[in-house]
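The primary structure of each chain is shown beneath.
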2 protein chains.
Amino acid sequence: MATIEDVAKLAGLSRSTVSRVINNHPYVTERKKQLVYQAMKELDYYPNSSAQRLRKQKTDTIAVLVPSLTNPFFPFLIEGLETVAVENGLQLLICQTHQNKDKERNYLQLLQTKQVDGLIFTSLENDWDSIAPFKESGPIIMCNEYRSEATVPVVRLDQVKGSYLGAKHLIESGHKKIAYCGNNKGELGADRETGFLAALDEYNIEMNNQWIFRDTPSIETGKRILRTILSLEDQPTAVFAGSDEVGAGIIKEAKLQGMQIPEDLAVIGFDDLPVAQLMEPSLTTVKQPIKEMGQKTMEIMVSMLTNQDKVNEDVIELPIQLIKRESV
Amino acid sequence: MATIEDVAKLAGLSRSTVSRVINNHPYVTERKKQLVYQAMKELDYYPNSSAQRLRKQKTDTIAVLVPSLTNPFFPFLIEGLETVAVENGLQLLICQTHQNKDKERNYLQLLQTKQVDGLIFTSLENDWDSIAPFKESGPIIMCNEYRSEATVPVVRLDQVKGSYLGAKHLIESGHKKIAYCGNNKGELGADRETGFLAALDEYNIEMNNQWIFRDTPSIETGKRILRTILSLEDQPTAVFAGSDEVGAGIIKEAKLQGMQIPEDLAVIGFDDLPVAQLMEPSLTTVKQPIKEMGQKTMEIMVSMLTNQDKVNEDVIELPIQLIKRESV
DNA sequence: ATGAAAGCGCTAACAC
DNA sequence: GTGTTAGCGCTTTCAT
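In this text, all values refer to a predicted model and were calculated from it rather than measured experimentally.

## Quick notes on the overall build of chain A
A tally of helices and strands in chain A yields 14 helices and 12 strands. Taking the principal axes of the C-alpha coordinates as reference, chain A spans close to 85 × 35 × 30 Å. A total of 328 residues make up chain A; the buried ones form 55% of that total. Within chain A, counting contacts between residues at least 6 apart in sequence, those at least 24 apart form 70% of the total.

## A closer look at the packing of aromatic side chains
What characterises a pair of aromatic rings is the spacing of the ring centres plus the angle enclosed by the ring planes. Considering all chains together, one arrives at 10 aromatic pairs over all chains under this definition. Their ring planes at 45° and their centres at 4.7 Å tell us that A:Tyr180 and A:Phe196 sit as a pair that is tilted. Residue A:Tyr180 is found in strand E6 (residues 178-181), and its partner A:Phe196 is found in helix H10 (residues 187-202); the two are separated by 16 residues along the sequence. When its relative accessible area of 2% is taken as the criterion, A:Tyr180 is described as buried. By relative accessible area, A:Phe196 is classed as buried at 1%. An angle of 80° between the planes, with centres 5.0 Å apart, marks the rings of B:Phe73 and B:Phe74 as edge-to-face.

## Here we look at the interface of chain B and chain A
Of the residues lining the interface, 45 residues belong to chain B; the matching set on chain A comes to 45 residues. Summed over both sides, the interface between chain B and chain A buries roughly 4,100 Å², with carbon and sulfur atoms accounting for 54% of that surface. Of all residues in chain B, B:Tyr46, B:Lys252 and B:Leu278 bury the most surface against chain A, accounting for 15% of the area lost on that side. There are 4 salt bridges connecting chain B and chain A. Salt-bridge contacts for A:Glu280 lead to B:Lys255; the nearest nitrogen and oxygen are separated by 3.3 Å. Counting the contacts that link chain B with chain A gives 18 residue pairs in polar contact (both at pLDDT 80 or more). When residues of the side of chain B that touches chain A are traced back to their parent elements, those giving at least two are helix H4 (49-56), helix H5 (73-87), strand E2 (91-96), helix H6 (101-112), helix H10 (219-231), helix H11 (244-256) and helix H12 (274-278) of chain B. Grouping the amino acids of the side of chain B that touches chain A by side-chain chemistry returns 20 nonpolar, 15 polar and 10 charged.

## Quick look at the sheet that holds strand E8 (residues 238-240) of chain B
In a beta sheet, neighbouring strands are held together by backbone hydrogen bonds and run either parallel or antiparallel to one another. Residue and element names in this part refer to chain B. Read from one edge to the other, the open sheet built from 6 strands follows the order E7-E6-E8-E9-E10-E12, with strand pairing classed as mixed. The open sheet is flanked by strand E7 (212-213) and strand E12 (321-323), the only strands paired with a single partner. The sheet contact formed by strand E9 (residues 266-271) and strand E10 (residues 284-287) spans 4 bridges and is parallel. From the neighbouring strand, phenylalanine 270 faces E10, where its bridge partner is valine 286.

## Some remarks on the protein's contact with DNA strand D
In the neighbourhood of DNA strand D, 29 residues make up the surrounding shell, with A:Ile4, A:Tyr45, A:Arg55, B:Ser16 and B:Thr29 lying closest. The sugar-phosphate portion of DNA strand D accounts for 56% of its atoms within 4 Å of the protein, the bases making up the rest. Residue B:Arg15 places a side-chain N or O atom 3.0 Å away from a base nitrogen belonging to DNA strand D. At 2.4 Å, a side-chain N or O of B:Thr29 approaches a phosphate oxygen of DNA strand D. Contributing elements (two or more residues each) for the surface near DNA strand D: helix H2 (15-22) and helix H4 (49-56) of chain A together with helix H2 (15-22) and H4 of chain B. Taken together, the residues that form the surface near DNA strand D break down as 9 nonpolar, 12 polar and 8 charged.

## Focus on the packing of H2(A) against helix H3 (residues 30-43) of chain A
Residue and element names in this part refer to chain A. It is at 10 Å that the axes of H2 and H3 come closest, and there the two elements cross at 90°. Overall, the two elements H2 and H3 adopt an arrangement that is roughly perpendicular. On the side of H2, the interface is formed by Val18, Val21 and Ile22, while H3 contributes Lys33, Val36, Tyr37 and Met40. Within the contact of H2 with H3, the residues separate by chemical class into 6 nonpolar, no polar and 1 charged.

## Some thoughts on the sheet that holds strand E5 (residues 154-157) of chain A
Residues and elements named next belong to chain A. Within the open sheet, the 6 strands sit side by side as E2-E1-E3-E4-E5-E11. Their pairing is parallel. Of all the strands in the sheet, just strand E2 (91-96) and strand E11 (315-318) have a single pairing partner and so form its edges. Averaged over neighbouring strand pairs, the angle between their axes works out to 20° when direction is ignored. With 6 bridges joining them, strand E1 (residues 61-66) and E2 adopt parallel strand pairing. By the bridge assignment for E2, leucine 65 is matched with cysteine 95. Strands E1, E2, strand E3 (118-121), strand E4 (140-143), E5 and E11 of the sheet are contacted by helix H14 (residues 290-306), whose axis makes an angle of about 170° with E4.

## Digging into the nonpolar core
Across soluble globular proteins, nonpolar side chains have a tendency to be buried as a group. Counting 140 residues, the largest nonpolar core has A:Ile250, A:Met298, B:Ile250 and B:Met298 as its most contacted members. Excluding anything up to four places from it in sequence, B:Ile250 contacts B:Cys181, B:Gly222, B:Lys223, B:Ile225, B:Leu226, B:Val239, B:Ala241, B:Leu265 and B:Val267. Listed in part, the 44 residues of the second largest apolar core include A:Val152, B:Phe121, B:Ile140 and B:Leu188.

## With respect to the protein's contact with DNA strand C
Not every one of the 29 residues close to DNA strand C is listed here, only the nearest: A:Thr17, A:Thr29, B:Ile4, B:Tyr45 and B:Arg55. Within the side chain of A:Thr17, an N or O atom sits 2.6 Å from a phosphate oxygen of DNA strand C. Elements with a contribution of two residues or more to the surface near DNA strand C: H2 and H4 of chain A together with H2 and H4 of chain B. Each residue belonging to the surface near DNA strand C can be placed in one class, and the counts come to 9 nonpolar, 12 polar and 8 charged.

## Focus: the pairing of E10(B)
As paired elements, E10(B) and E12(B) share 3 bridges and run antiparallel to each other. Pairing of B:Val286 across the sheet is with B:Leu322, part of E12(B).

Calculation criteria
- Residues numbered from 1 in each chain as written.
- Chains lettered and ligands numbered in written order.
- Predicted model: local features only at pLDDT ≥ 70, side-chain atom pairs only at ≥ 80, totals over all residues.
- Heavy atoms only, no water.
- Helix = DSSP H or I, 4+ residues; strand = E, 2+ residues; numbered from the N terminus.
- Buried < 20%, exposed > 50% of the residue type's maximum accessible area, 1.4 Å probe, protein only.
- Contact = heavy atoms within 4.5 Å.
- Phe/Tyr/Trp six-rings, centres within 6.5 Å; stacked < 30°, edge-to-face > 60°.
- Buried area = accessible area lost by both parts, 1.4 Å probe.
- Salt bridge = Lys/Arg side-chain N within 4 Å of Asp/Glu carboxyl O.
- Polar contact = N/O pair within 3.5 Å; in protein donor to acceptor, adjacent residues only side chain to side chain.
- Nonpolar A, V, L, I, M, F, W, Y, C, P; charged D, E, K, R; others polar.
- Pairing = 2+ DSSP bridges.
- Near = heavy atom within 4 Å.
- Axes fitted to C-alpha atoms, helices over the stretch in contact; angles between N-to-C directions.
- Parallel < 35°, antiparallel > 145°, perpendicular 65-115°, else oblique.
- Core = buried A, V, L, I, M, F, W, Y, C linked by side-chain atoms within 4.5 Å.

Have a look at this one:
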């Protein structure tokens with residue numbers, strides 16, 4: 001493995017000059033520059049990035065914590081994050097927490113061990129209090145998921161409004177018995193529930209506790225929820241699914257059980273993932289501007305990395321909107 | 001930022017001893033070990049990973065090149081890769097090539113700049129000849145996609161058999177006019193086509209060139225293909241979609257156009273992704289053992305990383321199987 | 001415009 | 001068992 005020393009020797013120059021060429025510094029004669037390039041090529045030289053990182057004290061890498069990549073929401077979020085990252089010469093280190101507190105905490109060590117320059121949460125398992133101290137080690141941003149106690153920039157959607165919109169649509173379509181799916185661990189989940197209940201309240205509609213489901217979102221969860229609904233004496237006529245995947249699972253299982261959607265059961269999803277329009281009937285849903293959320297987040301990260309002084313604690317809220325299709 | 005030096009001073013020991021404790025070396029008195037732990041805690045010390053990497057000349061990181069994370073096939077593959085990686089103390093650096101030759105080539109620099117210890121291709125845009133030289137810089141494996149010229153271990157499926165199975169099922173269900181979707185850039189695509197044509201050949205069925213579609217797989221592609229099929233004078237009665245996403249797009253669009261599946265058009269997918277069972281009718285498909293493929297690949301990577309001598313050029317072939325559902 | 005020298009933080013011989 | 005020392009490969013003052 002050739003080192004910068006080898007290149008310098010072969011080019012008959014000093015290490016400094018070679019380094020200047022590598023880093024595109026001004027004030028290097030064109031002639032010597034060529035000499036260096038030639039030597040680098042001849043030796044098949046590439047700078048060792050561990051050495052560069054150690055010396056420069058930065059990695060140009062950002063950790064992105066996601067619960068799982070098999071939930072299609074996150075690949076789309078990453079798409080947005082990556083676009084802006086690449087434009088700014090940053091690399092993404094994608095970390096799956098699999099909803100595990102310990103794993104999440106371990107990934108914070110990436111910041112402490114200087115393996116990444118910054119970190120982005122797209123979900124959060126641990127309490128904010130246990131996260132806060134890590135701000136010392138580098139910029140942290142919350143994207144998608146959020147905590148009001150969080151003392152870092154937050155890029156989020158108005159979840160209260162989102163679920164309010166969804167519930168209202170269901171109500172205005174004539175439904176009074178509406179089931180609700182969604183975990184309420186994080187603030188995101190709590191806000192969604194708030195918005196949902198606010199709509200019900202506005203129309204003086206009562207909630208039945210049997211119609212609340214708190215499982216983690218997945219297709220299987222949707223199927224299970226549908227079966228539970230069928231086993232109920234007092235059955236809802238509509239269901240607000242916490243995600244398109246749950247909504248899809250509900251629709252699929254409902255049809256398997258011989259139900260008509262939306263006649264026997266109206267379903268509304270959340271996210272507007274590709275699967276929403278593939279379903280039969282297509283899934284009415286609350287659309288999140290996922291990619292934009294990722295882009296905005298990375299823009300903030302970039303500015304935090306450059307303007308280290310200007311501490312940013314803003315909350316950026318992106319628009320959310322109802323997409324009417326056939327399942328309601 | 002505390003360094004190992006600070007810890008050593010505070011503990012009243014040498015850097016070496018601290019280092020030994022960090023790396024769990026034997027032969028350190030329990031008493032001094034405790035002293036070190038205490039000092040580390042007091043100083044909130046974490047070893048700088050760039051320094052460790054530079055010194056140890058390894059990163060315990062493996063680059064995984066995927067075309068895109070929004071194609072759900074790859075998150076599942078990554079799931080398999082990650083399981084085994086984590087068991088062996090390895091980290092994954094996930095790199096999206098977005099089907100771009102230059103990006104793909106640039107990611108190879110990760111190996112040259114010693115930012116990763118090994119690299120896994122799950123797809124390949126460039127010629128093998130242009131990849132081969134990079135073997136010098138570290139272990140490379142192909143997983144999923146493959147090239148017969150490749151001089152590295154390959155973990156793959158019998159694609160010829162897969163598409164043969166699919167085509168045969170279509171034929172035995174009475175179809176003689178079968179459309180085929182799939183790109184034929186890589187060897188994987190070519191093999192699939194071979195298997196497909198072999199089945200046709202076996203049953204003396206002719207292929208119509210108008211029924212061949214070579215676009216990149218996506219839901220949109222599926223929709224477009226269906227519309228093209230409808231515009232044909234001589235229309236196929238069945239279609240072998242190259243992936244479940246294409247199959248799903250075809251089914252969705254077909255129903256939009258008032259067709260009955262499988263009566264008016266039988267559809268068979270590939271992969272067995274979650275969307276296959278969500279469709280109405282559910283999608284008959286050729287199932288790939290995606291997770292297993294990832295696991296096997298990472299096991300080989302681990303062994304290459306440890307037994308550096310034993311050069312492994314094996315081709316591991318995993319089983320592939322037909323899943324009969326309702327779309328045929 | 002270029003080179004010499006110091007040092008980023010760590011590990012691993014080697015010596016005792 | 002523990003400390004001393006050299007050095008991984010690079011960048012960046014500082015001096016010229």
